[in-house]
Amino acid sequence: MPSKVSGPVKIKGQALLPVSVNWLVVSVAINFGLLLKLIHDGHLRMVWSSSLNGMPDKENEAPLSSLSSSFTAQAKQGNEGLIQQQLINVDHGDPTMYQSYWKQMGDRTTVVISGWQSVSYFSDTKTHCWFLEPGFANAVTRLHNLVGNAETGNRHIVVGTGSTQLFQAVLYALCPSDAPEPMSIVSAAPFYSSYPLITECLKSGLYKWRGDANEFDRDEPYIELVTYPNNPDGSIREAVVNGNGGILVHDLAYYWPQYTPISSPAEHDIMLFTLSKCTGHAGMRLGWALVKDEAIAKKMVKFIEISSIGVSKDSQVRAAKILDVIADTYEHAETSNKSTRFFDYGYQEMAKRWRQLREAVNKGQTFSLPNLPVGKCNFSNRTFGTQPAFAWLKCEKTIDDCETFLRKHKILTRGGVHFGSSKKFVRISLIGHEEEYNEFIRRLSLINSVESL
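Because the structure is predicted, anything quoted here is derived from the model rather than measured. (Residues numbered from 1 in each chain as written. Predicted model: local features only at pLDDT ≥ 70, side-chain atom pairs only at ≥ 80, totals over all residues. Heavy atoms only, no water.)

Peer 1: Can you break down the nonpolar core residue by residue, with the values?
Peer 2: Counting 109 residues, the largest nonpolar core has Phe136, Val158, Met300, Leu357, Leu406 and Phe440 as its most contacted members. Residue contributions to this core peak at nine residues, all from helix α11 (residues 342-361). Both domains that furnish three or more residues to this core are identified here as domain 1 (80-103 + 340-451) and domain 2 (120-330). Among all residues touching Val158, those that are not within four sequence positions of it are Cys129, Leu166, Gly287, Trp288, Ala289, Val291, Ala297, Met300, Val301 and Ile304. (Core = buried A, V, L, I, M, F, W, Y, C linked by side-chain atoms within 4.5 Å. Buried < 20%, exposed > 50% of the residue type's maximum accessible area, 1.4 Å probe, protein only. Helix = DSSP H or I, 4+ residues; strand = E, 2+ residues; numbered from the N terminus. Domains from an automatic or database assignment. Contact = heavy atoms within 4.5 Å.)

Shown next as structure tokens:
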């Protein structure tokens, strides 16, 4: 057993400080660094200023003991206290709500990928989509058939790096390269805020964003994007343009039973789905399209081949395992219960969050929410109202800019102008971490109560 060091340590003849002194210096440095960070982030300043509120200026020099006790109290508040002081971001749709479910599933979705796997570009050269992993294709088909939300027969599956790449691939496939004018791209407002950004990103001569489909009156070919449930307002959409030469693209990212009743399988010519909103695995960057026309599917594959030379095999292998586990919990019900069934968990969580939001909104007259459709879900046999991943919140009274108003209360949202609508609206994400969402509800309730006085 090594002897205890009590005297100075010598290295190459140089006497250093005792070991105990060295550790003391390190400890002081660490704690001082933490203190500086708290001051920089504003946490310590908030505690100090709140303790001095109402005191004369000459007394505003707090003694060291008061500073120390405030620092200790702040540290004990932990993560919950910090959340109450920071900017709450309900702008982006990062689906971290699902993380707790997948943690409770343990190793059931674990996949081991050996170093020799995924070496080749190719997955299945017998299909049009040569980078589509057969296991992923089978898992997608199996899940759609189980849920009953999309027709998979006589359809070609095209996999992409999220639905964003698939949307770009669709535009490439549908727009003729020899047309005299760019193809018009439209969607009924409020539309998904990324549609105009993605369409105009490359300044392509093949297509051009024309805005709100309700205002489109050109006598020319067009592509109409139909999203249901709609992002941002949760409505169930149909095409609105009744012109010649129109092509419909259906974005069904949220047509899953945790968000809306599944009334019948979608049977459209081009349907887009994404793993991020289906299972919550946004980081895998994976989506798929169900395409009826073979020629369109081939052109979509060509776009993905040119832009990224395929799609990650590793992501597809992981996604296939996850989708199969979801299907297993329903097809083998005797070995599972509702708490381990993904769509049941998602439904209950979304129902709870929408109930919290409506209660907060109903506490006053400052905010309002749209009425959402109610229907019977053939998958779950439940009758319920659509409970989308996003809420379309309106500021009432004299509040003309809802995004700016909420920003003053440290709530970050996405304003209605990004969706082709009014500044009086904002989009709210309901699928973030539970503690952050609960803090958002607390702040919204407080704002509503105060503004209604």
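That was the structure; now back to the text.
Peer 1: Please provide a residue-by-residue account of the state of the cysteines, values included.
Peer 2: Enumeration over the complete set of coordinates arrives at one disulfide. For Cys395, the disulfide goes to Cys402, at an S-S distance of 2.0 Å. Because the sign of the S-S torsion sets the handedness, a value of about 55 degrees for the bond joining Cys395 and Cys402 places this disulfide among the right-handed ones. Like Cys402, Cys395 is buried. (Disulfide = S-S within 2.5 Å.)

Peer 1: Break down the pairing of strand β6 (residues 207-212) for me, citing the residues and quoting the values.
Peer 2: As paired elements, strand β5 (residues 183-187) and β6 share five bridges and run parallel to each other. Bridge pairing in β6 links Ser184 to Lys208. With respect to chirality, the unit in which β5 leads through helix α7 (residues 194-200) into the neighbouring parallel β6 is right-handed. (Pairing = 2+ DSSP bridges. Right-handed = clockwise from strand over helix to strand, strands pointing away.)

Peer 1: Any chance you could break down the sheet that holds strand β16 (residues 414-415) for me, citing the residues and the numbers?
Peer 2: Across a sheet, strands are paired by hydrogen bonds formed along the backbone, either parallel or antiparallel in direction. Across the sheet, which stays open at both edges, the four strands sit in the order β11-β14-β17-β16 with antiparallel pairing between neighbours. Among the strands making up the open sheet, the edge pair consists of β11 (367-368) and β16. As judged from the five bridges shared by strand β14 (residues 390-395) and strand β17 (residues 425-429), these two strands associate in the antiparallel manner. Across the sheet, residue Ala391 finds its bridge partner in β17, namely Ile428. Of the strands in this sheet, β11 and β14 touch α11, which is tilted by about 5 degrees from β14. (Axes fitted to C-alpha atoms, helices over the stretch in contact; angles between N-to-C directions.)

Peer 1: Which residues make up the sheet that holds strand β4 (residues 156-160), and what are the values?
Peer 2: A sheet is described by the order of its strands in space; here seven strands give the open sequence β4-β10-β9-β8-β7-β5-β6, paired in mixed fashion. Strands at the two margins of the open sheet, each flanked by one partner only, are β4 and β6. Here the average twist between neighbouring strands, direction ignored, is 25 degrees. With six bridges joining them, strand β7 (residues 222-227) and strand β8 (residues 246-251) adopt parallel strand pairing. For Glu224, the partnering residue across the bridge sits in β8 and is Leu248. Helix α6 (residues 162-174) rests against β4, β5, β6, β7, β8, β9 (270-274) and β10 (287-291) of the sheet, and its axis sits at about 160 degrees to β9.

Peer 1: Would you mind going over the packing of aromatic side chains in detail, with residue names and values included?
Peer 2: Going through the model one piece at a time under the given rule, you end up with 28 aromatic pairs. Centroid distance Tyr101 to Trp102: 4.9 Å. Interplanar angle 85 degrees. Geometry classified as edge-to-face. Each member of the pair, Tyr101 as well as Trp102, carries the same accessibility label: buried. Seen from their ring centres, Phe216 and Tyr222 are 5.6 Å apart, and the 55 degrees between their planes marks the pair as tilted. When its relative accessible area of 12% is taken as the criterion, Phe216 is described as buried. (Phe/Tyr/Trp six-rings, centres within 6.5 Å; stacked < 30°, edge-to-face > 60°.)

Peer 1: So what's going on with the pattern of salt bridges? Residues and values would help.
Peer 2: Oppositely charged side chains may form a pair once their charged atoms are brought near each other. Per the counting criterion, the structure on display carries 13 salt bridges. Here Glu439 makes a salt bridge to Arg442, at a shortest N to O gap of 2.7 Å. Of this pair, Glu439 and Arg442 both sit in helix α13 (residues 434-451), three residues apart, which is roughly one turn of the helix. Judged by its relative accessible area of 5%, Glu439 falls in the buried class. Classification of Arg442 as partly exposed rests on a relative accessible area of 39%. Taken together, the salt bridges that share partners define one network made up of Arg142, Asp324, Asp328 and Glu331. (Salt bridge = Lys/Arg side-chain N within 4 Å of Asp/Glu carboxyl O.)

Peer 1: Lay out a nonpolar patch on the surface with the relevant residues and their values.
Peer 2: Together, Tyr121, Phe122 and Ile309 line one region of the surface with nonpolar side chains, adding up to about 340 Å² of accessible area. Examined against the element boundaries, Ile309 turns out to sit in the loop between α9 (294-308) and α10 (313-331). Given the relative accessible area of 45%, Ile309 is considered partly exposed. (Patch = residues over 30% accessible without salt bridge, like charges linked within 9 Å, V, L, I, M, F, W, Y side chains within 5 Å. Areas by Shrake-Rupley, 256 points an atom, 1.4 Å probe, with all protein chains shown as cover.)

Peer 1: Quick rundown of the environment of Val112? Include the residues and the values.
Peer 2: Looking at where Val112 falls in the secondary structure, it is placed in the loop between α4 (99-104) and α5 (134-147). When the C-alpha atoms of Val112 and Val317 are compared, they prove to be 9.6 Å apart, with 205 residues separating the residues in sequence.

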